[in-house]
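Report on the structure
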There are 2 protein chains.
Amino acid sequence: MTNTHALPVFRQIVDDLKRQIADGQLTEHAALPSERVIAELHAVSRMTARRALEAVEAEGLAYSKRRQGRFVSPKRLMYDVGSMANFVAGAAAQGIEIEMELLESTTIQASGTLVETLSAAHGTKLYQNTRLIRSKGHSIFVETETVIAERCAALWPGPDNVDLQRQRYSPLGHTAEIVIRMCALEPDPARLLGAMPYQAGIEQEQLSRDESGAPICFSHQIWRGEMAQFSATAIISR
Amino acid sequence: MTNTHALPVFRQIVDDLKRQIADGQLTEHAALPSERVIAELHAVSRMTARRALEAVEAEGLAYSKRRQGRFVSPKRLMYDVGSMANFVAGAAAQGIEIEMELLESTTIQASGTLVETLSAAHGTKLYQNTRLIRSKGHSIFVETETVIAERCAALWPGPDNVDLQRQRYSPLGHTAEIVIRMCALEPDPARLLGAMPYQAGIEQEQLSRDESGAPICFSHQIWRGEMAQFSATAIISR
DNA sequence: TGTGATCTCTGGTATATACCAAGATGAATC
DNA sequence: GATTCATCTTGGTATATACCAGAGATCACA
């Protein structure tokens, strides 16, 4: 297929696929045509079909499962970072069920950048938990949370607690500094999220403080970018 | 070059380039080796070299200029969305100069989704401005701002005002609802930003309200994702 | 019925090749 | 010194081909 001065062929295929998704012909988690099928359908080489599918994926409209196919991404979830730390509660209010899986729970000693971030002395006892958050079986983000043990003994009984997975999402602290940025998904979190390594995602860091301003908890979240949508309310201080 | 069970070849090239950037061998805005040079250097086909460079680009570590080459991306800028609307002031405090270019300034009448968003009657007079924000000649984001004329006559003299470009960045309103999400850059903003169409970026919407809660201004910003970093402070209300 | 081998389909990697259009450059010319 | 023009380089598009490894279905056999 030759082409002069018009839209690139692979771009036309992208538009076709996007239209099908928008139209509802392809619904959430439905399989997209495979590379080979698209190649035949549009009479292009497989590489061109592949470029088109990769573009749709890069836009966050689809995700791929190795050796299985590409599928339509589910809709975005809203996360109100302003009222913070209640992503789960907020999701519940929207009628969205969230599943949390505790991947790892350890007790470590403060070192490296954590010392500065948490204003904790070297060797301070810290609880560290890694969780994978899903909705309807679809991975949304991975969270690694580091808590200063002594500063929240009452609020948080420690890694042995059964209700651990919910605990984090009841308010811990009084204020939180949040940073959000785009990032490339490293292989490890990408695997957990079922995403391609190094595809674009969202990284979020939260540092929670208590009434006195002392850090309690540092949380690092890695989101599938196309799943995330962050809201906040700003107040013009003057 | 054959390869079994190790890292894919193009990934190794990516790591090599990333190392050079991290080491400082390649500094901000320095040209990366071209596709053909990398192909020769690593003894791979041009397509493989290309994949590597595209991957580096997708990670936000480089940007490409058509027919000129690929260059190392500058460092991220921080934007405090919590205190809002003072991105320029914030940047100044960091010693970063920001340039604003007014691309378009029109007076329109409320219609479509703007009617709902701004709670304005159909046909209400609106000022609409599109600006491109740069730092050191490097495009960062495009903003389209829609202001209800009558609700801010005093604060904002209208599109004829000379100081227009600064005006917006002095607090307008008392609160703002902000939404941040990852997106694919549409061809138009991509061109303005000097980015590839459909690469991943950040989309931000701000709805400013006055003391009474009435909407004043709706702002839609499209950021080069690798340039953005958004911070906020959350308060746990309980 | 259950189990294991096989076969098909999938995306992922890699090469070699070809052409295009426009920026950069420098030589020849005015 | 300024202008024109050819050349080289660049990224972008597109094809054809080849192989790999694993998920899923199927089918033969115990």
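All of these numbers come straight from a predicted model, not from anything done at the bench.

With that out of the way, let us pick up the protein's contact with DNA strand D. As a matter of local geometry, DNA strand D sits amid 28 residues, with Val9(A), Thr48(A), Arg51(A), Arg36(B) and Arg70(B) nearest to it. Close to the protein, within 4 Å, the atoms of DNA strand D are drawn from sugar and phosphate at a rate of 61%. Within the contact set of DNA strand D, a phosphate oxygen lies 2.5 Å away from a backbone nitrogen or oxygen of Val9(A). Here a phosphate oxygen of DNA strand D sits 3.3 Å away from a polar atom, N or O, in the side chain of Gln68(A). Of all elements in the fold, only α1 (9-23) and α3 (46-58) of chain A together with α2 (35-41), α3 (46-58), β1 (62-65) and β2 (69-72) of chain B reach the threshold of two or more residues within the surface near DNA strand D. Broken down by element, the surface near DNA strand D gets its largest block of residues, four residues, from α3(A). Partitioned by chemical class, the residues of the surface near DNA strand D number eight nonpolar, nine polar and eleven charged.

What follows is about the protein's contact with DNA strand C. In the region of DNA strand C, 27 residues are neighbours, and Arg36(A), Arg46(A), Val9(B), Thr48(B) and Arg51(B) sit closest. Within 4 Å of the protein, the contacting atoms of DNA strand C are 59% sugar and phosphate, with bases supplying the remainder. Phe10(B) places a main-chain nitrogen or oxygen 3.3 Å from a phosphate oxygen of DNA strand C. A distance of 3.2 Å separates a phosphate oxygen of DNA strand C from a polar side-chain atom of Gln68(B).

Before going further, it helps to spend a moment on the nonpolar core. Grouped together as the largest cluster of nonpolar side chains are 44 residues, with contacts concentrated most on Ile202(A), Trp223(A), Phe230(A), Ile202(B), Trp223(B) and Phe230(B). Mapped onto this core, the elements with two or more residues apiece are β6 (138-148), β7 (175-184), β8 (200-209) and β10 (230-235) of chain A together with β6 (138-148), β7 (175-184), β8 (200-209) and β10 (230-235) of chain B.

So, about the interface of chain A and chain B. Opposite the 39 residues of chain A that make contact, chain B presents 40 residues. Here chain A and chain B share an interface that buries about 3,400 Å² over both sides, 57% of which is from carbon and sulfur atoms. Counting every contact that joins chain A to chain B gives zero salt bridges. Linking chain A to chain B there are eight residue pairs in polar contact (both at pLDDT 80 or more). Where the side of chain A that touches chain B is concerned, the elements lending two or more residues are α1, β7, β8 and β10 of chain A. The element best represented in the side of chain A that touches chain B is β7(A), accounting for ten residues. When the residues that make up the side of chain A that touches chain B are grouped by side-chain class, the tally is 21 nonpolar, ten polar and eight charged.

Cut-offs used in this document
- Residues numbered from 1 in each chain as written.
- Chains lettered and ligands numbered in written order.
- Predicted model: local features only at pLDDT ≥ 70, side-chain atom pairs only at ≥ 80, totals over all residues.
- Heavy atoms only, no water.
- Near = heavy atom within 4 Å.
- Polar contact = N/O pair within 3.5 Å; in protein donor to acceptor, adjacent residues only side chain to side chain.
- Helix = DSSP H or I, 4+ residues; strand = E, 2+ residues; numbered from the N terminus.
- Nonpolar A, V, L, I, M, F, W, Y, C, P; charged D, E, K, R; others polar.
- Core = buried A, V, L, I, M, F, W, Y, C linked by side-chain atoms within 4.5 Å.
- Buried < 20%, exposed > 50% of the residue type's maximum accessible area, 1.4 Å probe, protein only.
- Contact = heavy atoms within 4.5 Å.
- Buried area = accessible area lost by both parts, 1.4 Å probe.
- Salt bridge = Lys/Arg side-chain N within 4 Å of Asp/Glu carboxyl O.

Structural measurements only, silent on function.
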